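Tertiary structure, described
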Amino acid sequence: SDVDIGHVFVVRGDIRALAADAVLYPTRNVANPVWFPDGPPEGCEVVPTARFTEGARVHKVRGIAPGLTQVWLGHLNSKYAPMPPPHTPLSWFLAAAEQFLAAAEEDIHASGAAPCNARDRHLLALPVIGTGPRNARCASGDILTSLLRILYRF
């Protein structure tokens, strides 16, 4: 078949430094100093915490200028999951990744924006979610394996 598939890159580095069309940060707060050490992006609008629900775990940060990496925030802290640690299923983390991929793709296509850096395709970036110290770090291998399956299907 002539299906034109994309690529999956696994990179060890600072996701904030990647030249991507859209990126998922595992926080619900644009003032989080871990993900926004220089403060919120210029012109951005705060996403109210109440907007993050199980059905809508990722939200685009509005107000970032076109042509710049579009930032998406994600509810990924298992402390607030329906089943808090250590009982949080890996599927809870992976569901947020799937929501990001679907929503960011839809948003990019609706915007009509060209891919960044004169690339042939749009580039979406997300961390290996759920592997932070208070989440499912002990299952990092299982999360990465499952995340790669999702990305290859996408």
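The structure under discussion appears in the preceding block.
Here we summarise the structure given alongside this text. (Residues numbered from 1 in each chain as written. Predicted model: local features only at pLDDT ≥ 70, side-chain atom pairs only at ≥ 80, totals over all residues. Heavy atoms only, no water.)

Things to note about the sheet that holds strand S1 (residues 22–25)
If you walk across this open sheet you meet the four strands as S2-S3-S1-S4, and the pairing is mixed. A single partner strand is all that each edge strand has here, and the edge strands are strand S2 (58–60) and strand S4 (124–125). Taken together, the three bridges between S2 and strand S3 (residues 70–74) define a ladder with antiparallel strand orientation. Looking across to S3, one finds that histidine 59 is bridged to leucine 73. (Pairing = 2+ DSSP bridges. Helix = DSSP H or I, 4+ residues; strand = E, 2+ residues; numbered from the N terminus.)

Some details on the pairing of S1
The two faces of S1 match: Ala22 and Leu24 on one face and Val23 and Tyr25 on the other face are all buried. Pairing of S1 with S3 involves four bridges; the strand directions are parallel. Bridging from a neighbouring strand, alanine 22 pairs with glutamine 70 of S3. Across two bridges, S1 lies against S4 in parallel orientation. Bridge pairing in S4 places valine 23 opposite alanine 125. (Buried < 20%, exposed > 50% of the residue type's maximum accessible area, 1.4 Å probe, protein only.)

Digging into the nonpolar core
In terms of nonpolar packing, the biggest core is built from 22 residues, with Leu24, Trp72, Phe93, Phe100 and Leu126 touching the most fellow members. Broken down by secondary-structure element, the contributors of at least two residues to this core are S1, helix H1 (90–111) and helix H2 (140–153). The greatest single-element share of this core, amounting to nine residues, is contributed by H1. Among the nonpolar cores identified, the runner-up in size contains 16 residues, and Val23, Tyr25, Cys44 and Leu73 belong to it. (Core = buried A, V, L, I, M, F, W, Y, C linked by side-chain atoms within 4.5 Å.)

Quick word on the packing of aromatic side chains
For the structure on display, the rule yields four aromatic pairs. One aromatic cluster in this structure is built from Tyr25, Trp35 and Phe36. Sitting above the plane of the tyrosine 80 ring, arginine 28 keeps its charged end 4.9 Å from the centroid. Over the face of the ring belonging to tryptophan 92 we find arginine 57, whose NZ or CZ atom lies 3.7 Å from the ring centre. (Phe/Tyr/Trp six-rings, centres within 6.5 Å; stacked < 30°, edge-to-face > 60°. Lys NZ or Arg CZ within 6 Å of the ring centre and 35° of its normal.)

Without other data, these values stay purely geometric and don't point to any function.
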